[in-house]
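Coordinate analysis (summary)
Read off the chains here:
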Amino acid sequence: MGRVTVRRKTTRLAAGERTGRIDTLVVEEPLELRVGGESLQVTMRTPGDDFDLAAGFLLAEGVIAKPSDIVSMRYCAGVDADGEQSYNLLDIALAQGVAPPPKAAKRNFTVTSACGVCGKDSLEDVRTRAIWSLDDDATVVDAAVLADLPARLRKSQKIFDKTGGLHAAALFTADGELLTAKEDVGRHNAVDKVVGWALQQDRLPLRGTVLAVSGRASFELVQKAVMAGVPVLAAVSAPSSLAADLADESGLTLAGFVRGDTMNLYTHDGRVALPGVSPPGITGR
């Protein structure tokens, strides 16, 4: 596996003085995903958990639905400037009967995975492609448990402690038990790694879980949660308007600005309970 951090000489300016020091930076490298030898997508990511990343991406795009849909994943030949294996080209073989993504979809995959360019048609597209319904998921999370998840997510960020340059995503049970946590320079990649891990562990749909993310809740993160059957998404920062629309239509509980003992519940607030107060039932926005 490639390096996840590198050391670099820097000049620090502080209190009117100039000093030399060594800083640790997170590695950002391209990963090309191929399906059956055909190039599908190139994403910038932090090396590590690439198989989970690929599986999570294919699930979110509706290409696969279960572990057996993937026959194999292997790194293709590729070397870096030092002649070492770069681990930046991954080829996936799908099971017989699993339709590969159409060649024409390559550009769309590249755009949506990078920046979430989409519109109202995308809401219907995700809703119709989602395999599992969230409407009947009766998961209830205590507000105090939900409020504590960002701090627990932060404690799981080992590489962030060294670099300060990574997003993170983690999967918790409704009781706050950490199931897995992943880091990456891309917030969407971190979520793909979490979802891909769950798929390969045959845990889908992810009923009774909470997905916590370190940044904002964008459309693509809500999409990935919905496609994996996650009932609750908690973000440290704000959601976008389209993310809230998709969460509302899909039955996902979307919490934003989850900091300290406060949070905003944008959709389906009935899954979040206050001590001594009966949940109001799962309602929309």
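The preceding data block contains the structure.
So, a few notes on the structure that sits alongside this text. (Residues numbered from 1 in each chain as written. Predicted model: local features only at pLDDT ≥ 70, side-chain atom pairs only at ≥ 80, totals over all residues. Heavy atoms only, no water.)

Notes on the packing of aromatic side chains
Note the following rule: Stacked, tilted and edge-to-face are the three classes assigned to paired rings of Phe, Tyr and Trp, where Trp is represented by its six-membered ring and a pair needs centres within 6.5 Å; plane angles under 30 degrees give stacked, over 60 edge-to-face, the rest tilted. Put simply, DSSP H or I for four residues or longer makes a helix, DSSP E for two residues or longer makes a strand, and each gets a number counted from the N terminus. Relative accessibility thresholds used throughout: buried, under 20% of the residue-type maximum; exposed, over 50%; partly exposed, between the two (1.4 Å probe, protein chains only).
For the structure shown, the criterion picks out two aromatic pairs. A ring pair is formed by tyrosine 75 and tyrosine 87, whose centres lie 4.9 Å apart and whose planes are at 85°; its orientation type is edge-to-face. Of this pair, tyrosine 75 sits in strand E5 (residues 70-75) while tyrosine 87 sits in the loop between E5 and strand E6 (89-94); the two residues are 12 residues apart in sequence, bridging distant segments of the chain. Classification of tyrosine 87 as partly exposed rests on a relative accessible area of 26%. Clustering of aromatic rings is evident, with ring pairs tying together Phe51, Tyr75 and Tyr87.

As for the packing of helix H6 (residues 187-200) against helix H7 (residues 219-228)
Rules: Fitted lines through C-alpha atoms serve as axes, helices being fitted only where they are in contact, and the angles separating the N-to-C directions of these axes extend from 0 to 180 degrees. Here the angle decides the label: under 35 degrees means roughly parallel, over 145 means roughly antiparallel, 65 to 115 means roughly perpendicular, and every other value means oblique. Contacts are assigned to residue pairs that have any heavy atoms within 4.5 Å of one another. Only Asp, Glu, Lys and Arg are considered charged in this grouping, and only Ala, Val, Leu, Ile, Met, Phe, Trp, Tyr, Cys and Pro are considered nonpolar; every other residue, Gly among them, is considered polar.
Direction vectors running N to C along H6 and H7 enclose 10°, while the axes themselves pass 10 Å from each other. For the element pair H6 / H7, the angle class is roughly parallel. When H6 is examined against H7, the residues Arg187, His188, Val191, Asp192 and Val195 are found in contact with a partner set consisting of Glu220, Leu221, Lys224 and Ala228. Along the lines of polarity and charge, the residues of the contact of H6 with H7 split into four nonpolar, one polar and four charged.

Things to note about the pairing of strand E10 (residues 209-213)
To keep things clear, this is the line we draw: At least two DSSP bridges between two strands are required for those strands to pair. Handedness rule for crossovers: strands pointing away from the viewer, path from the first strand over the helix to the second running clockwise, crossover right-handed.
Most of E10 is tucked away, with five of its five residues classed as buried. Burial along E10 is two-sided: the face carrying Thr209, Leu211 and Val213 and the face carrying Val210 and Ala212 are both buried. Sheet analysis places strand E8 (residues 167-173) next to E10, joined by five bridges and oriented antiparallel. Bridging from a neighbouring strand, alanine 169 pairs with valine 213 of E10. Between the parallel pair E10 and strand E11 (residues 232-235), the chain is carried across by H7, and the sense of this crossover is right-handed.

What to know about the packing of helix H1 (residues 50-60) against H7
It is at 9 Å that the axes of H1 and H7 come closest, and there the two elements cross at 85°. Our classification of the angle between H1 and H7 gives roughly perpendicular. Residues Phe57, Leu59 and Ala60 of H1 form the contact with H7, whose own contacting residues are Gln223, Lys224, Met227 and Ala228.

Structural notes on the pattern of salt bridges
Note the following rule: What makes a salt bridge here is a side-chain nitrogen of Lys or Arg within 4 Å of a carboxyl oxygen of Asp or Glu, nothing more.
If you walk through the whole model with that rule in mind, you get nine salt bridges. For aspartate 49, the salt bridge is made with lysine 182, and the minimal N-O distance between the two is 3.3 Å. Remark: lysine 182 occurs in strand E9 (residues 178-184) and aspartate 49 occurs in the loop between strand E4 (38-45) and H1; sequence separation between them is 133 residues. Residue aspartate 49 is classed as partly exposed on the basis of its relative accessible area of 35%. One salt bridge in this structure joins aspartate 52 and lysine 182, with 3.5 Å as the shortest N-O distance. Placement of aspartate 52 in helix H1 and of lysine 182 in strand E9 is noted, with a sequence separation of 130 residues between them. Here aspartate 52 and lysine 182 have matching classes, each one buried. Each of Asp49, Asp52 and Lys182 takes part in a single network of salt bridges with overlapping partners.

Describing the sheet that holds E4
Ordered in space as E4-E3-E6-E5, the four strands form an open sheet in which the pairing is mixed. For this open sheet the edge positions go to E4 and E5, each flanked by a neighbour on one side alone. The average undirected angle you get between the axes of adjacent strands in this sheet is 20°. Pairing between E5 and E6: five bridges, direction antiparallel. Within the sheet, the bridge partner assigned to tyrosine 75 lies in E6 and is leucine 90.

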